[in-house]
Amino acid sequence: MGRVEAKPLATSLMVTEAEHEQAELQRLAVGTCAIYSHCAPDKESPNEDALVLIPCGDDAAVLVVADGLGGGRGGKEASRLAVQMLREAVESVPAERLREAILGGIESANQAILDLALGAATTVAVAEIQGDTMRSYYVGDSMILVCGQRGKVKFQSVAHSPVGYAVEAGLIDESEAVHHEDRHIVSNVVGTAEMRIEIGPTIELAPRDTVVLASDGLADNLYNEEIVEQVRKGPLLKAANALAAVVQGRMTDPSGERPHKPDDLTYILFRRNP
């Protein structure tokens, strides 16, 4: 565990119900990922987050994190279906058709979750990597963030929630948002007839930029500047493990004024090849 594979992934890597003790490195033809997924402290039910890494030829990849809602089997099944449907839609598609395939995969996941008839739902965060660019697709409040080595934030997704929209509008600041009593409310999820997919701009990635995809267990326990400080520099595996240690510490220690919300935690850190 933790060692970069000698060769890039030849096929997709899908992770569900994981209990990583340490982050793992996985190499793609286009760059390197550090992945981590663990259920909430003292939680008896399985981890309801899921992720998938999908290699797409020599110069592209699709990265996905899904955060199941609702508890019990419904949330776990919803996140699994989301990453599975995206994997099936994307893994055999040429790079020039990735946008169409990603959108179709999310739509298929939405219908499959509705067909469960369990009231299940999930968020989904997708990064399409094409050479030295990244484009985001997302539904819900899972985070997508791109930062430079010096800490400059090049992109950050806006959570699909009343609190997220209030932050974007400048009505409340981040410190208020993290502690807001309605932060848990999500207004757009996969598994509803009203689902909508948000597509972000194309972001140029410098060689040392870090892309973060994460379930809300990350942003609910660290301020954005703390996340950036942990991931912006140093070896990717070291950054991923340090991030896990800080977040798990917050989840288990409610003392002080710092954010504290025990939850499943899943993230992918990505850096492209130099």
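These notes cover the structure that comes with them.

Reading guide: rules and limits
- Residues numbered from 1 in each chain as written.
- Predicted model: local features only at pLDDT ≥ 70, side-chain atom pairs only at ≥ 80, totals over all residues.
- Heavy atoms only, no water.
- 1 Å grid on protein atoms, 1.4 Å probe; cavity = no way out; pocket = protein on both sides within 12 Å on 5 of 7 lines; lining within 4 Å.
- Points joined across faces, edges and corners; volume = space filled by probe spheres on them.
- Helix = DSSP H or I, 4+ residues; strand = E, 2+ residues; numbered from the N terminus.
- Nonpolar A, V, L, I, M, F, W, Y, C, P; charged D, E, K, R; others polar.
- Axes fitted to C-alpha atoms, helices over the stretch in contact; angles between N-to-C directions.
- Contact = heavy atoms within 4.5 Å.
- Phe/Tyr/Trp six-rings, centres within 6.5 Å; stacked < 30°, edge-to-face > 60°.
- Buried < 20%, exposed > 50% of the residue type's maximum accessible area, 1.4 Å probe, protein only.
- Patch = residues over 30% accessible without salt bridge, like charges linked within 9 Å, V, L, I, M, F, W, Y side chains within 5 Å.
- Areas by Shrake-Rupley, 256 points an atom, 1.4 Å probe, with all protein chains shown as cover.
- Salt bridge = Lys/Arg side-chain N within 4 Å of Asp/Glu carboxyl O.
- Lys, Arg positive; Asp, Glu negative; His and termini not counted.
- Charge placed at Lys NZ, Arg CZ, Asp CG, Glu CD.
- Pairing = 2+ DSSP bridges.
- Polar contact = N/O pair within 3.5 Å; in protein donor to acceptor, adjacent residues only side chain to side chain.

Any empty space left between atoms is shown by rolling a water-sized probe over those atoms. Of the pockets and cavities examined, the largest pocket occupies roughly 410 Å³. Considering the residues around the largest pocket, the lining is formed by 21 residues, among which Gln156, Ser157, Ala159, Gly164 and Arg183 are closest to the centre. Where the lining of the largest pocket is concerned, the elements lending two or more residues are α3 (162-168), α4 (174-179) and α5 (216-219). Here the element with the most residues in the lining of the largest pocket is α3; it accounts for 4 residues. Class assignment of the residues belonging to the lining of the largest pocket gives a composition of 9 nonpolar, 6 polar and 6 charged.

Turning our eyes to something else, we now look at the packing of helix α6 (residues 224-231) against helix α7 (residues 236-252). The relative placement of two packed helices is expressed as an angle between their axes plus a distance between the axes. Taken N-terminus to C-terminus, the directions of α6 and α7 make an angle of 145 degrees; their axes are 8 Å apart at the nearest point. Within the contact between the two elements, α6 uses Glu226, Gln230 and Val231 and α7 uses Ala239, Ala242, Leu243, Val246 and Arg250. Across the contact of α6 with α7, the residue classes tally to 5 nonpolar, 1 polar and 2 charged.

Moving on to the packing of aromatic side chains. For the coordinates displayed, the defined rule picks out 1 aromatic pair. Ring centres 5.4 Å apart and planes at 25 degrees place the aromatic pair Tyr36 and Tyr267 in the stacked group. Of this pair, Tyr36 sits in strand β3 (residues 31-38) while Tyr267 sits in strand β13 (residues 265-272), and the two are 231 residues apart along the sequence. Taken individually, Tyr36 and Tyr267 each receive the classification buried, so the pair is uniform in this respect.

Moving on: a negative patch on the surface. The grouping of Asp58, Asp59, Asp132 and Glu204 at the surface amounts to a negative patch. Topologically, Asp59 is positioned in the loop between β4 (49-55) and β5 (60-69).

If you walk across this open sheet you meet the 6 strands as β2-β3-β13-β12-β8-β9, and the pairing is antiparallel. What marks the edges here is a single partner per strand, and that holds for β2 (24-28) and β9 (153-156). Recorded for the sheet is a direction-independent mean angle of 15 degrees between the axes of neighbouring strands. Pairing analysis gives 5 bridges linking β2 to β3, with the strands arranged antiparallel. What sits directly across from Glu24, in β3, is Ile35. The sheet strands contacting α6 are β8 (143-147), β9, β12 (210-214) and β13, and the helix crosses β8 at an angle near 55 degrees. Across the sheet, α7 is in contact with β2, β3 and β13; its angle to β13 comes to roughly 155 degrees.

This brings us to the environment of His38. Summarising the element assignment, His38 is placed in strand β3. You can call His38 buried: its relative accessible area is 17%. Residues His38 and Ala82, spaced 44 residues apart in sequence, show a C-alpha to C-alpha distance of 18 Å. Side chain to side chain, His38 and Glu19 meet in a polar contact 3.2 Å long.

Nothing here speaks to function; it is geometry throughout.
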